[in-house]
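# Secondary and tertiary structure notes
Below are the chains, spelled out letter by letter.
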Amino acid sequence: MYVEKPQHNENDTLLCVRNLKTHIRSDAGEIRVVDGVDLQMKRGETVGIVGESGCGKSMTGLSILRLVPGPHGRIVSGEILFNGQDLASLDEKEMVRLRGNEIAMVFQDPMTSLDPLFAVGDQIGESMRFHQKLSRKEARNRAIELLKLVGVPSPELRIKDRPDQLSGGLRQRVMLASALSCKPSLVIADEPTTALDVTIQAQILELIKQLREETGTSFILISHDLGVIAENCQHVSVMYAGKIVESADVRELFDNPLHPYTTGLMESIPRIGVRKDRLEAIPGIVPNPLDLGEGCAFSPRCSCSEEHCEQKAPPLVEVCPGHEVRCWKYCNHL
């Protein structure tokens, strides 16, 4: 199942990330966790970022919100254009006004993101009181409405509960309610179904789809699960070793994967109607981020690798309209 791509005007771009680079200093050297990422999305669209653990997906989301953990992490270069404004150039005071108000984030683990000492209703209302100057009573009423919107039963009672009194699924719904509290234009959802059982996962993902349709909120959905991406996104970017290696419309990507890494990911998952005695696996391991070399980071694991692949990293080229890939196989003419 694929999600229909919404129709937009040419000038309806909400977010445009250009050549974003985020590095983390360590005792062993500089780690290029985000290495020249380009990303663009329209209003009302859900864009997926997919890849193995450690490929830079979460750090890309944190970089957009300028939440790179310091003092060792820093955005080295790039533009983050949100509604035409470059977030990379804003000071921290301006970013505080924007975070939670115009761009919100749902973090991987709600148990560590929610304060265990305060009722969830107070935590949802905090952002509204800060950004929208609501009274405590107004924020409480709005928190009840939001909990009802995200499917929390008996919201009038649940707002008094602490996070440890809620199940994992309910905590994730509370995180979504908190993210939507100030009606942001963009929500970055980082692995929103992590550690949830399959039934609750499906409910959370259906809720995100429903919220996008009802509120017009755009979503960046970060996941390692290709099924989640296929069901919920209109556009997909595949990451490997800090770079976007392939980017396309979701239907185009799943029907015609071009990068060897994307192909490997596709072949490693079971498919309905296709019988296999054994699923394919991508050989080798994810490279050491401190020793990526100058060539293609995927070349040690790639069956199509040639000598020049190890000597110089390929650029991201458009193979067909809207379908970009970073592989020498498709840009030998450069």
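In this numbering scheme, every chain counts its residues from 1 along its sequence in written order. With the structure being a predicted model, the display of local features is reserved for residues of pLDDT at least 70 and the display and counting of side-chain atom pairs for 80 or more, all residues being used for whole-chain, interface and lining totals. Water and hydrogen atoms were dropped before computing side-chain values, which therefore reflect all heavy atoms in the structure.

## Here's the deal with the environment of Arg301
Within the secondary structure, Arg301 is located in the loop between helix H11 (260–267) and strand S11 (317–320). The spacing of Arg301 and Tyr261 is 40 residues in sequence and 8.6 Å in space, taken between C-alpha atoms. In protein, a polar contact means a hydrogen-donor-capable atom and an acceptor-capable atom, both N or O and within 3.5 Å, with residues adjacent in sequence counting only if both atoms are side-chain atoms; elsewhere, any N or O pair within 3.5 Å suffices. Within the structure, the side chain of Arg301 is placed 3.2 Å from the side chain of Tyr240, a separation counted as a polar contact. Within the structure, the side chain of Arg301 is placed 2.8 Å from the backbone oxygen of Pro283, a separation counted as a polar contact. Helix and strand definitions follow DSSP, with helices as H or I runs of at least four residues and strands as E runs of at least two, each counted in order from the N terminus.

## Quick notes on the pairing of strand S6 (residues 103–106)
Using a 1.4 Å probe on the protein chains alone, a residue whose accessible area is under 20% of its type maximum counts as buried, one over 50% counts as exposed, and one in between counts as partly exposed. Burial along S6 is two-sided: Ile103 and Met105 and Ala104 and Val106, pointing in opposite directions, are all buried. By the bridge criterion, 4 bridges tie S6 to strand S7 (residues 186–190) in an arrangement that is parallel. Paired with Ala104 across the strands is Val187, a residue of S7. Following DSSP output, two strands are said to pair if at least two bridges run between them.

## A short note on the side chain of Ser218
Topologically, Ser218 is positioned in strand S8 (residues 218–223). Whether two residues are in contact is decided by their heavy atoms: any pair within 4.5 Å suffices. Residues contacting Ser218, with those up to four places away along its chain left out, are Leu14, Met41, Lys42, Arg43, Gly44, Glu45, Ser185, Leu186 and Val187.

## Quick look at the sheet that holds strand S5 (residues 85–86)
Spatial strand order, S2-S1-S4-S5: 4 strands in an open sheet with antiparallel pairing. Taken across any chain shown, the strands that pair with only one partner, and hence form the sheet edges, are strand S2 (29–42) and S5. Pairing of strand S1 (residues 13–26) with S2 involves 11 bridges; the strand directions are antiparallel. By the bridge assignment, Ser26 is partnered in S2 with Gly29.

## A few points about the environment of Ser303
Tracing the chain through its elements places Ser303 in the loop between H11 and S11. With 85 residues separating them in the primary sequence, Ser303 and Ser218 have C-alpha atoms 37 Å apart.

## Structural notes on the nonpolar core
Among buried residues, those of type Ala, Val, Leu, Ile, Met, Phe, Trp, Tyr and Cys that are joined through side-chain atoms within 4.5 Å constitute a nonpolar core. The biggest cluster of nonpolar side chains holds 56 residues, and the ones touching the most others in it are Ile124, Phe254 and Tyr261. It is helix H7 (residues 168–180) that provides the largest number of residues to this core, a total of 7 residues. When residues no more than four places from it in sequence are discounted, the contact partners of Ile124 are Ala143, Leu146, Leu147, Val174, Ala177, Ser178 and Ser181. Counting residues in each nonpolar core, the second largest holds 32 residues, with Leu62, Ile64, Val68 and Phe82 among its members.

## Quick look at the confidence of the model for the protein chain
Close inspection of predicted coordinates is inappropriate in any region flagged by low pLDDT. The pLDDT score gives, residue by residue, the confidence of the prediction method on a 0 to 100 scale. Overall, the prediction assigns the protein chain a mean pLDDT of 88, with 94% of residues at 70 or greater. In this model, residues 1–10 is a region of pLDDT below 50 whose contacts with residues beyond four sequence positions or in other chains number 29 contacts.

## Comments concerning the packing of aromatic side chains
Here a pair means two rings of Phe, Tyr or Trp (six-membered ring of Trp) with centres within 6.5 Å. Their orientation is stacked below 30 degrees between planes, edge-to-face above 60, and tilted elsewhere. By the definition in use, this model includes 3 aromatic pairs. Between Tyr240 and Tyr261, the ring centres sit 4.7 Å apart and the planes meet at 55 degrees, which makes this aromatic pair tilted. A residue pair is termed long-range when its members are at least 10 positions apart, and Tyr240 in strand S9 (residues 235–240) and Tyr261 in helix H11 qualify at 21 residues. Comparing Tyr240 with Tyr261 shows no difference in burial state: the two are buried. Summarising the aromatic geometry, the rings of Tyr240 and Phe298 are spaced 5.2 Å apart at their centres and angled 85 degrees between planes, so their arrangement reads as edge-to-face. With Tyr240 in strand S9 and Phe298 in the loop between H11 and S11, this residue pair connects regions lying 58 residues apart in the sequence. Accessibility classification places Tyr240 together with Phe298 in one group, the buried group.

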